[in-house]
Structures are given as C-alpha cells and as structure tokens.
Amino acid sequence: MADIAELKRMALNWLSRRDYSEAQLSQRLARQGGEPADIAQVIGWCKNEDYLNQQRFISMLLRSRINKGYGLNYIVQECRQQNISREQVLEVVAQLDVDWFQQALLLYQKKYGQSAITEYKDKLKRMAYLQRRGFSSEQIQFAINHLE
C-alpha cells in the first residue's frame, strides 16, 4: 500500500523521463498498490501542475508513429487502447498539419524503392502492407500509382 506522497513521488519520477497518458499513469500507479481514490487525486494533482498533459502525450505519440511510418488509422487505433478518443487525436493532427498522402508515398518508397509491380498478387501484397500500417485506400492508391 502506497500513500499519496509516495504515489506522487513515483508519478513525478516516471513523468520526468517521458510523457504518459492518463490511462498509462493510472495503471502504473495501480500496480504499485495505489488505491483508486488516491490515484485519481494524484492524477488530478499532476494535471493541475501540468506534469501530466494529455495533448502533449498525444502530440509526442503522433510524431513518434509518423516518423516510424504509421498512418492515421493505426495511430487512432493505438490511442483508443490508451482511452484517447478519435476526436482528441484529430485535434492534435490538425495542429501538426500532416500530409498523409506524402507519408504513405515515403513509406512505400522506403519499403519498395523504384521496383515495379510485376503482377496483381504483388500489388495486393503492397496494398495490404500499407493498409496494415494504417493508411486509407486513397492514400494507398496515391502511393502505388505515383510511381507507375
């Protein structure tokens, strides 16, 4: 059983290293033996002191995933697991001004270079790859047709 002072200390320790979502921080504090009421109080305190900022976390997560070649659909799905709504993600995406078509093209070129599509099966495989990475069908068509 950890008291509030101990939970605050742990939360600050973690938040000093990287941003966390509210859900992630709550889970970590719960694993350390925090009571739900105490955890809610610590989360509130962290938010008031701006140690915990959901927008900042979403922004960090978005930039990280975009740099790793993921599309919006993948990122929204990952955020949903963190109890972050699609609307919150789209709000931050609008601030970042991301060109998803360009991102899909960059990923396609990185994976396949200038190699031509030899058969329909190959094209389906490439389309499925981009879809798994979270790109829409329009973005996938743009990336594939851009090199043909």
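From a predicted model like this one, the values you see are computed outputs, not experimental measurements. (Residues numbered from 1 in each chain as written. Predicted model: local features only at pLDDT ≥ 70, side-chain atom pairs only at ≥ 80, totals over all residues. Heavy atoms only, no water.)

With 13 residues, helix 8 (residues 120–132) ought to run about 18 Å at 1.5 Å a step, and its terminal C-alpha atoms sit 18 Å apart, in line with that. Among the residues of helix 8, those classed as buried are D122, R126, Y129 and L130. Taken down its axis, helix 8 places every buried residue within 95 degrees of arc, on the same side. Among the exposed residues of helix 8, those pointing more than 90 degrees away from its buried face are Y120, K121, Q131 and R132. (Helix = DSSP H or I, 4+ residues; strand = E, 2+ residues; numbered from the N terminus. Expected span 1.5 Å × (residues − 1). Buried < 20%, exposed > 50% of the residue type's maximum accessible area, 1.4 Å probe, protein only. Arc of directions from axis to C-beta.)

Turning to the packing of aromatic side chains, a few remarks are in order. Considering all chains together, one arrives at 5 aromatic pairs under this definition. Ring geometry for Y70 against Y74: centres 4.0 Å apart, planes inclined by 20 degrees, an arrangement best described as stacked. Take Y70: its relative accessible area is 18%, and that puts it in the buried class. Given the relative accessible area of 30%, Y74 is considered partly exposed. Taken together, the ring pairs in this structure connect Y108, Y112 and Y129 into an aromatic cluster. When the ring centre of W14 is taken as origin, the NZ or CZ atom of R28, which lies over that ring, is 4.3 Å away. Positioned over the ring face of Y70 is R133, at 4.0 Å from the centre of the ring. (Phe/Tyr/Trp six-rings, centres within 6.5 Å; stacked < 30°, edge-to-face > 60°. Lys NZ or Arg CZ within 6 Å of the ring centre and 35° of its normal.)

All we've got here are geometric facts, nothing functional implied.
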